[in-house]
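# Chains, contacts and geometry: an overview
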Amino acid sequence: MTQIALEKSFHFEVEEPSDFGKEVALKELRETPENVLTALKRLKYLLENETTVCLGKDNEKWLMNLLRLCKFYPESAKEKIVLRLELKKKYSNFLNNSQITELKNPKNKGMFCVLKQRDHLGRRVVIQRIENWKPSEVDKYELFRIYDAIANTLRLEPDTQINGVIHIMDFKNVNFSQILQMTPNFVKILAVYIFEYVPLRVKAYHIINNPISVKPVIQLGKQLLSAKNRERILVHGKDMRELHRYISVDCLPKCYGGLADDIELDPSELFDIAKTRETEFNTFQECESIGD
């Protein structure tokens, strides 16, 4: 398969998939015109009597997101929709009603960023830097709301639905007070959130600059995952050469041994971009609304 041409700026691509995306969709997701029509029709039928789904049963853009997530198997997409709504209800204190305004909260500064360009396989790259998280100011469960706003923005892009996302968790300068927040229950919720709830194909979860003190946290998280998802957790420590085996240096910032300049997009900058598609953002949230 050909590799995607690298860009130097962030392009919010919410229209039709690129030629590269179409190639991936055909090869990896079985996305053909016939399969799309058949799967949409079947999924709409499956949702007709599904009482947990209040809205969105005929919103084809939203349904396509979930079908791509499940390789156009409508039964699996229906199960995914129901699971997402169940999790949203279970964790409604921090997952219900994702808000685009979370992106511009000044307390979030430095904790997350999205790389402006896709990687060489067309995937969006999201970085989380633990050292910039102040538990005294931002509750650990608020982190889900921040990431959720990012994910719900990126899911509007067909190419991101197809190619997926990769996550880099940077533990550089992590301190004891931050580690204490990583309780077994929090780690369990994080594992479920990343691999069951996020409405995108999470292709890899890279952990870097991790000291030995977080090893038990990582081990616990991996134990909670399926064998397939455990393989997606890649722990590199301080060896950036290992990271480069999976992500091209042309796509990474210099702090990770990359070659790219001015590559990071702060959530507040993403807010300005996402604001242009606020209607679509809110529509997707309405499709996944839950009852009282």
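By the naming in an unreviewed UniProt entry, the chain is CRAL-TRIO domain-containing protein, taken from Glossina brevipalpis.

Quick look at the overall build of the chain now. Within the chain one finds 14 helices and 6 strands. Rg of the C-alpha trace for the chain: 19 Å, near the compact-globule value of 19 Å for 292 residues, within the 12% margin. Along the first, second and third principal axes, the C-alpha set of the chain runs to 50 × 45 × 40 Å. When burial is assessed residue by residue, the chain has 54% of its 292 residues classed as buried. Within the chain, residue pairs in contact and separated by at least 24 positions form 77% of the contacts whose partners lie at least 6 positions apart. Accessible area for the chain stands at about 13900 Å²; split by element, carbon and sulfur atoms hold 51% of it.

Summed over the entire model, instances satisfying the criterion amount to 23 salt bridges. Between D119 and R123 there is a salt bridge, and its shortest N-O distance comes to 2.5 Å. You'll find D119 and R123 in the same group, each marked buried. Two residues, K254 and D261, come together in a salt bridge whose shortest N-O distance is 3.0 Å. Owing to a relative accessible area of 54%, D261 belongs among the exposed residues under this scheme. One connected set of salt bridges, linked through shared partners, spans E13, R118, R124 and E157.

Attention now moves to the layout of surface pockets. Where empty space is left in the structure can be found by rolling a water-sized probe over the atoms. Space inside the largest pocket adds up to approximately 540 Å³. If you go around the largest pocket, you meet 23 residues; those closest to its centre are E16, P17, M64, R68 and P158. When residues of the lining of the largest pocket are traced back to their parent elements, those giving at least two are α1 (19–29), α2 (33–47), α3 (60–69), α7 (158–163) and α14 (278–287). In terms of residue count, the dominant contributor to the lining of the largest pocket is α3 (5 residues). Considering only enclosed or pocket space, the second largest pocket measures out at about 440 Å³ in volume. Of all the secondary structure elements, the ones that give two or more residues to the lining of the second largest pocket are α9 (184–197), β4 (202–208) and α11 (227–230).

A word on the packing of α3 against helix α4 (residues 74–90). In a packed pair of helices, the relevant descriptors are the angle between the two axes and the axis-to-axis distance. Taken N-terminus to C-terminus, the directions of α3 and α4 make an angle of 110°; their axes are 8 Å apart at the nearest point. Viewed along their axes, α3 and α4 adopt a mutual orientation that is roughly perpendicular. Across the interface between the two elements, W62, L63, L66, L67 and L69 from α3 touch P74, A77, K80, I81 and R84 from α4. Grouping the constituent residues of the contact of α3 with α4 by class yields 8 nonpolar, no polar and 2 charged.

Our next topic: the pairing of strand β2 (residues 124–129). Among the 6 residues of β2, 6 are classified as buried, and the element is accordingly described as predominantly covered. Side-chain alternation along β2 places R124, V126 and Q128 on one buried face and V125, I127 and R129 on a second face that is also buried. Inspection of the sheet shows strand β1 (residues 112–115) paired to β2 by 3 bridges, in the antiparallel sense. When the sheet's bridge partners are listed, V114 is paired in β2 with V126.

With that settled, the discussion passes to the sheet that holds β4. Across the sheet, which stays open at both edges, the 6 strands sit in the order β5-β4-β3-β2-β1-β6 with mixed pairing between neighbours. Of all strands in the sheet, those with a lone pairing partner are β5 (233–237) and β6 (264–265), marking the two edges. Here β1 runs beside β6; their pairing, made up of 2 bridges, is antiparallel. In the strand pairing of β6, L115 is matched with E264.

Moving on, we get to the side chain of N152. Position of N152 among the secondary structure elements: in helix α6 (residues 142–154). Under the relative-accessibility criterion, N152 is labelled buried at 2%. Looking at N152, its side chain comes within polar contact range of the side chain of S98, at 3.2 Å. Separated by 2.9 Å, the side chains of N152 and R155 make a polar contact. Beyond its immediate stretch of four places on either side in the chain, N152 contacts S98, P199, F281 and Q285.

Turning our eyes to something else, we now look at α1. Burial in α1 covers these residues: F20, G21, V24, A25 and L29. Summarising the axial view, the buried residues of α1 lie within an arc of 135°, below the 170-degree limit, and thus occupy one face. For α1, the exposed residues set more than 90 degrees away from the buried face come down to D19, L26 and K27. For α1, the secondary structure elements touched by its buried residues are α3 and α7.

Cut-off values and rules
Residues numbered from 1 in each chain as written. Predicted model: local features only at pLDDT ≥ 70, side-chain atom pairs only at ≥ 80, totals over all residues. Heavy atoms only, no water. Helix = DSSP H or I, 4+ residues; strand = E, 2+ residues; numbered from the N terminus. Rg over C-alpha atoms; globule rule 2.2 N^0.38 Å. Buried < 20%, exposed > 50% of the residue type's maximum accessible area, 1.4 Å probe, protein only. Contact = heavy atoms within 4.5 Å. Areas by Shrake-Rupley, 256 points an atom, 1.4 Å probe, with all protein chains shown as cover. Salt bridge = Lys/Arg side-chain N within 4 Å of Asp/Glu carboxyl O. 1 Å grid on protein atoms, 1.4 Å probe; cavity = no way out; pocket = protein on both sides within 12 Å on 5 of 7 lines; lining within 4 Å. Points joined across faces, edges and corners; volume = space filled by probe spheres on them. Axes fitted to C-alpha atoms, helices over the stretch in contact; angles between N-to-C directions. Parallel < 35°, antiparallel > 145°, perpendicular 65-115°, else oblique. Nonpolar A, V, L, I, M, F, W, Y, C, P; charged D, E, K, R; others polar. Pairing = 2+ DSSP bridges. Polar contact = N/O pair within 3.5 Å; in protein donor to acceptor, adjacent residues only side chain to side chain. Arc of directions from axis to C-beta.

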